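Survey of secondary and tertiary structure
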Amino acid sequence: MIKKIEQSLAFLQEKGMGPASIGIVLGTGMYELIAQMTLKKSIAYAEIPHFPEATQEFQKGMLHYGSLGGKKVLVFQGRYHLYEGLSFFEITYFVRIFKALGGKSLLLSNAAGTINLHFKKGSLMLIEDHINLQGGSPLALKGIETLGERFVDMSMPYDLALREKVLSIAAAEKISLYQGVYVAVVGPQLETPAEYRYLKIIGADAVGMSSVPEVIVARQLGLEVLGLSVLTDECDPDHLKPIDIPEIMEMAKKGEKDFIKIVKALVATL
Ligand code: HPA
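Thresholds applied
Residues numbered from 1 in each chain as written. Predicted model: local features only at pLDDT ≥ 70, side-chain atom pairs only at ≥ 80, totals over all residues. Heavy atoms only, no water. Helix = DSSP H or I, 4+ residues; strand = E, 2+ residues; numbered from the N terminus. Expected span 1.5 Å × (residues − 1). Buried < 20%, exposed > 50% of the residue type's maximum accessible area, 1.4 Å probe, protein only. Arc of directions from axis to C-beta. Phe/Tyr/Trp six-rings, centres within 6.5 Å; stacked < 30°, edge-to-face > 60°. 1 Å grid on protein atoms, 1.4 Å probe; cavity = no way out; pocket = protein on both sides within 12 Å on 5 of 7 lines; lining within 4 Å. Points joined across faces, edges and corners; volume = space filled by probe spheres on them. Nonpolar A, V, L, I, M, F, W, Y, C, P; charged D, E, K, R; others polar. Salt bridge = Lys/Arg side-chain N within 4 Å of Asp/Glu carboxyl O.

Things to note about helix α1 (residues 2–14)
- Here α1 is 13 residues long and its end C-alpha atoms lie 18 Å apart, about the 18 Å a rise of 1.5 Å per residue gives.
- Among the residues of α1, I5, S8, L9, F11 and L12 are the ones counted as buried. Viewed along the axis of α1, the buried residues span an arc of 160°, placing them on a single side of the element. Turned more than 90 degrees away from the buried face of α1 sit K3 and E14, all of them exposed.
- Of the residues flanking the end of α1, it is G16, one or two places downstream, whose phi is positive at about 85°.

Points about the packing of aromatic side chains
- Counted under the stated rule, the structure contains eight aromatic pairs.
- When the ring of F76 is compared with that of F98, the centres are 6.2 Å apart and the planes differ by 85°; the resulting orientation is edge-to-face. Here F76 is found in strand β4 (residues 71–77), whereas its partner F98 is found in helix α2 (residues 88–100), with 22 residues between them in sequence.
- The exposure class assigned to F76 is buried, which follows from its relative accessible area of 0%.
- For F98, a relative accessible area of 0% gives the class buried.
- What links up through ring pairs into an aromatic cluster is the set Y45, F51, Y80, F89 and Y93.

Comments concerning unusual backbone geometry
- Residue P19 is reached from G18 by a cis peptide bond, and omega for that bond is 5°.
- Checked against the element boundaries, P19 lands in the loop between α1 and β1 (22–26).
- Cis rather than trans, the peptide bond between G187 and P188 has omega equal to 0°.
- Take P188: it is sitting in the loop between β7 (177–184) and α4 (193–201).
- We note that H50 has phi near 75°; this positive angle belongs to a residue other than glycine.
- Topologically, H50 is positioned in the loop between β2 (38–44) and β3 (62–68).
- H50 sits in the partly exposed class, given a relative accessible area of 34%.

Focus on empty space enclosed by the protein
- On inspection of all chains with the given rule, the structure shows one cavity of 30 Å³ or more.
- By volume, the largest cavity is sized at about 30 Å³.
- Around the largest cavity, the lining residues are Y80, L82, I91, Q134, M209, S210, S211, P213 and E214.
- The residue makeup of the lining of the largest cavity, split by class, is five nonpolar, three polar and one charged.

Looking at the pattern of salt bridges
- All told, the structure shown has five salt bridges when counted by the stated rule.
- Ionic pairing is found between K121 and E247, a salt bridge with its closest N-O pair at 2.7 Å. With a gap of 126 residues between them, K121 in the loop between β5 (105–114) and β6 (124–132) and E247 in helix α6 (residues 245–269) connect regions that are remote in the sequence.
- The closest approach of N and O atoms between D238 and R197, which form a salt bridge, is 3.0 Å. Of this pair, D238 sits in the loop between β9 (224–234) and α6 while R197 is found in helix α4, placing the two residues 41 residues apart along the sequence.

By themselves, these observations are geometric and do not establish any function.
This is the structure in structure tokens:
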């Protein structure tokens, strides 16, 4: 595992990627931020040794290095999902590479359905905490102790200082920002009405198919984490409509403007 990481790292360094202490992961349909960067270098995930082959049709895998508001950033355009048939290790590999490239702060975005029906689609939710319903862990690996601690603390996975900064940015910019618990499921099928009821009962505010394994690995590596979900659909089990992918993409676009404002302002403080 360490050999693989060293090989990926050597390749990326040779191509002029990094160092950067800030990493940004762009979820489904949220790629506008890249246009606001001063780009130094972009590489397709497919070209990077040991980066898994992604199959998700909505997410083009590219790693960008450059600056945003004068700060060096690595932007991960698109991510890997369990539902692509990849392992927990594969979907979180890029987090280990980010750390190796100098990473300190990891800002994650994702698209999620809102379970909390007080929250409106097209808005953002700051992730306060999460529930892992993906049935496994990226740390449940033979030899994990060579990559970091095994029994990683999860008492506060989402950095409080980063969250407080984001809340004050949102208040200053008059952005409506909810706060809540994100639950990760495997997918790729959406949830049944009974499943949405269950997710509400266990304390989730939003549901999605990503991010949690990345956060677990980030915490193992001592990275500070921020998570923002764009709420793309309202999951009301009593009035559930069939999934509408174009609408989900449209809502992701709607939330993206606020996401960009928040991330730009936050990066300026890091
Ligand atoms: N469920 C799971 N993942 C999702 C949803 C949902 O309702 N919306 C966007 N991602």
